Amino acid sequence: ENYDKSHAALSNYDETFAYIAGLVENGALVIDLACGPANISRFLIAVKPLRIVGYDLSEQMLLKARKNVPQGQFHKGSITDFVLDEPADLVVNGFGLPYLDRAGCVQSFKCCHKALKPGGYLYLSFMEGDKEGFESPSFNPDVDIYIYYHRKAEIMEQLSLMGFEPVREWALDYKEPDGSITTDNVIVVRKV
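A short tour of the structure in this document, coming up. (Residues numbered from 1 in each chain as written. Predicted model: local features only at pLDDT ≥ 70, side-chain atom pairs only at ≥ 80, totals over all residues. Heavy atoms only, no water.)

**Examining the environment of A18**
At step 1: Inspection of the secondary structure puts A18 in helix α2 (residues 14–21).
At step 2: When its relative accessible area of 40% is taken as the criterion, A18 is described as partly exposed.
At step 3: A sequence separation of 124 residues divides A18 from D142, and the C-alpha atoms of the two residues are 33 Å apart. (Helix = DSSP H or I, 4+ residues; strand = E, 2+ residues; numbered from the N terminus. Buried < 20%, exposed > 50% of the residue type's maximum accessible area, 1.4 Å probe, protein only.)

Following this line, the structure appears as structure tokens:
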């Protein structure tokens, strides 16, 4: 509930969501990885009719996702080993990379590449840096979660090696509860 009302509802990503909605046609298949309460999917289908399939490991988040986007299909599954019946037009991983180390990111990117049709798009966001460790997220300060930061240059290198080309990127400032600023990188790449 706290995540749905705070972090997942942030409007500073709206420009990026509107951009990716404009990349795909009506009826496109969109995969929402680490979908949480499906706020990204909810934004996208408000812009145009899309077919949504989401994956998350949390049953509670999936319940919220099904309520928020009743026309979507939401499944319990990992962002590092999902499999689709048909190729997707767009894969969105809005908030999953902070929970993956480098090897996990590479595995997720491989799955995304396999899941996308040629010319399909991948949307990623992640926190810039090279630190890792337990942090209390702003949406639940009573819990510590192990979080990974990633360097944009390293992410882009991995994506390029897998056959993705850059399309667009943003650097968004996120104000932490302690007043410090974290840079969230958002990138869109295309499967060549």
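**Topic: helix α6 (residues 152–162)**
At step 1: Taken residue by residue, α6 has I155, M156, L159 and M162 as its buried positions. Relative to the axis of α6, the buried residues are bounded by an arc of 125° and lie together on one face. Among the exposed residues of α6, those oriented more than 90 degrees off its buried face are A153 and L161.
At step 2: Buried-residue contacts for α6 involve α5 (102–115), β5 (116–127), β8 (164–175) and β9 (181–191).
At step 3: Just downstream of α6 lies G163, where phi reads positive at about 100°. (Arc of directions from axis to C-beta. Contact = heavy atoms within 4.5 Å.)

**What to know about the nonpolar core**
At step 1: One finds I31, L122 and L159 to be the most contacted residues of the largest nonpolar core, which totals 29 residues.
At step 2: Take this core: its biggest share by element is five residues, from α5.
At step 3: Residues in contact with L122, not counting those within four places in the same chain, are V91, C112, L116, L159, F164, I187, V188 and V189.
At step 4: By size, the runner-up hydrophobic cluster in this structure holds 27 residues, among which are A38, A65, V69 and F74. (Core = buried A, V, L, I, M, F, W, Y, C linked by side-chain atoms within 4.5 Å.)

**Brief notes about the packing of aromatic side chains**
At step 1: Summed over all chains, the structure comprises eight aromatic pairs.
At step 2: Summarising the aromatic geometry, the rings of Y13 and F17 are spaced 6.1 Å apart at their centres and angled 15° between planes, so their arrangement reads as stacked. Here the two residues Y13 and F17 agree in accessibility, since each one is buried.
At step 3: Between Y13 and F95 the ring centres are 5.3 Å apart and the planes differ by 85°, which places this aromatic pair in the edge-to-face class. Pair noted here: Y13 is in the loop between α1 (2–5) and α2 and F95 is in the loop between β4 (88–93) and α5, with a separation of 82 residues, a long-range link.
At step 4: Taken together, the ring pairs in this structure connect Y13, F17, F43, F95 and Y123 into an aromatic cluster. (Phe/Tyr/Trp six-rings, centres within 6.5 Å; stacked < 30°, edge-to-face > 60°.)

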